[in-house]
Amino acid sequence: MSARYRTEAINTTGGDGTSRVIGGMEVPVSSPLGADFDAAASNPEQLLALAWVTCLNATAQAIVRRERRTAVRVEVELHASDPGPGYEFHVDAHLSAEGLSLAETSELVTAAHSRCPVSKLIGGAATVHVHAEEYAG
C-alpha cells in the first residue's frame, strides 16, 4: 500500500542544537538533562507529548464526528531505565469528552487509542497508559 503522507526530519547536533523537518520548520532543542539546558528550546519529551496529544485528540474528534468537544492532556516523564542502561519515557494520556459519562468516555478512549497512529506506535509499551476523565471544558 502506498503512503498517504510522508515527511522527513534531520538532526545533526544531538540533544542540543536544532532538529528540522526537511522543507519545513526548524526547532531549537536542548536536553533537559544537559548542563546547558535551555528551557526555551524543545526536547524529545515535549515533542512526543505534542505528537500524541494532537493525534489522539484528532482521532477522538473523528470518532465523535466533531459533534462534541474533546480534550486530551499528555504527560511525559523521563525515568532511569530499570534495568539500565539509559532512560525510558513514562507516558500518560488523559481524554475527556463534553456530554459523555465516564463510562462512555472510557469507550471513546479505548476506540481512539486503538485507531491513533501514535498510539499504535507506542501503545504496546508497559510505560504507556490512557485514562478517561470527566470533561471540565
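Residue numbers here run from 1 along each chain, matching the order of that chain's written sequence. Where local features are concerned, this predicted model is filtered to residues with pLDDT of at least 70; where side-chain atom pairs are given and counted, the filter is 80 or more; whole-chain, interface and lining totals use all residues. Calculation of side-chain values draws on the structure's entire complement of heavy atoms; hydrogens and water are dropped beforehand.

Q: Explanation requested: the overall build of the protein in the structure shown.
A: A run of H or I in DSSP counts as a helix once it spans at least four residues, and a run of E counts as a strand once it spans at least two, with each numbered from the N terminus. When you go through the protein residue by residue, the secondary structure sums to three helices and six strands. Along its sequence from the N terminus, the protein presents helices and strands in the succession β-β-β-α-β-β-α-α-β. Here the C-alpha coordinates of the protein stretch approximately 45 × 35 × 30 Å along the principal axes. A simple rule labels every residue: compare its accessible area, found with a 1.4 Å probe on the protein chains alone, to the largest value its type can have, and call it buried under 20%, exposed over 50%, or partly exposed in between. The 137 residues of the protein split such that 29% are buried. In the protein, the share of contacts with a sequence separation of at least 24, taken over all contacts with a separation of at least 6, comes to 45%. The Shrake-Rupley method, run with a 1.4 Å probe, gives the accessible areas here. Residue values count only the displayed protein chains as cover. When the accessible surface of the protein is summed, it comes to about 8,900 Å², and 54% of that surface belongs to carbon and sulfur atoms. We score Asp and Glu as negative and Lys and Arg as positive, and we do not count His or the chain ends. All charge positions are set by atom: Lys at NZ, Arg at CZ, Asp at CG, Glu at CD. Taking the average location of the 10 positive side-chain charges in the protein and that of its 17 negative ones, the two points are 15 Å from each other. Any pair of residues with heavy atoms lying within 4.5 Å of one another is described as a contacting pair.

Q: Please explain helix α1 (residues 44–63) as it appears in this structure.
A: In an α-helix, one turn spans 3.6 residues; hence positions three or four apart end up facing the same way. Under the 1.5 Å per step criterion, the end-to-end length of α1 is 28 Å for 20 residues, consistent within 8% with the ideal 28 Å. All of the buried residues in α1 are E45, L48, A49, W52, C55, L56, N57, T59, A60 and Q61. Lining the buried residues of α1 we find β4 (70–80), β5 (87–97), α2 (102–115), α3 (117–122) and β6 (128–132). The term polar contact refers here to a pair of N or O atoms within 3.5 Å; inside protein, the definition further demands a hydrogen-donor-capable atom paired with an acceptor-capable atom, and it admits residues adjacent in sequence only when both atoms are side-chain atoms. Two or three places before E45, at the opening of α1, N43 has a side-chain oxygen 3.1 Å from that residue's backbone nitrogen. Every helix has an expected span of 1.5 Å times one less than the residues it contains.

Q: For this particular structure, what's the right way to read the sheet that holds strand β2 (residues 17–21)?
A: Backbone hydrogen bonds are what pair the strands of a sheet, in a parallel or an antiparallel way. Strands qualify as paired when DSSP identifies two bridges or more between them. On the basis of which strands lie adjacent, the open sheet formed by three strands has the order β1-β2-β3 and antiparallel pairing. Every interior strand has two partners, whereas the edge strands, β1 (9–11) and β3 (26–29), have only one. Direction aside, the axes of adjacent strands within the sheet are offset by 20 degrees on average. To obtain each axis, a line is fitted to C-alpha atoms, and for helices this fit is confined to the stretch in contact; angles are then taken between N-to-C directions over 0 to 180 degrees.

Q: Explanation requested: the environment of T110 in the structure shown.
A: For T110, the location among the structural elements is in helix α2. Given a relative accessible area of 52%, T110 falls into the exposed group. Here the alpha-carbon distance between T110 and H131, two residues 21 residues apart in the chain, equals 9.0 Å.

Q: Help me understand α2, please; the structure alone is not making it clear to me.
A: Given a rise of 1.5 Å per residue, 14 residues ought to cover 20 Å, and the 20 Å separating the end C-alpha atoms of α2 matches this to within 8%. Among the residues of α2, T105, L108, V109, A112 and H113 are the ones counted as buried. Seen from one end, α2 has its buried residues packed into an arc of 125 degrees, which puts them on one side. Exposed and oriented more than 90 degrees from the buried face of α2 are A103, E107 and T110. Relevant arc is that of directions from the helix axis to the C-beta atoms, nothing else.

Q: Can you walk me through the nonpolar core in this structure?
A: Nonpolar side chains tend to gather and get buried jointly when the protein is soluble and globular. Of all hydrophobic cores here, the largest spans 22 residues; its most connected members are W52, L56, V74, V91, L95 and L108. Looking at this core, the elements that each hand over two or more residues are α1, β4, β5, α2 and α3. Tallying contributions element by element places α1 first for this core, with six residues. Ignoring any residue separated from it by four or fewer positions in sequence, one finds W52 in contact with V74, V91, D92, A93, H113, C116, V118, S119, I122, V128, H129 and V130. We call a set of buried Ala, Val, Leu, Ile, Met, Phe, Trp, Tyr and Cys residues a nonpolar core when their side-chain atoms join them within 4.5 Å.

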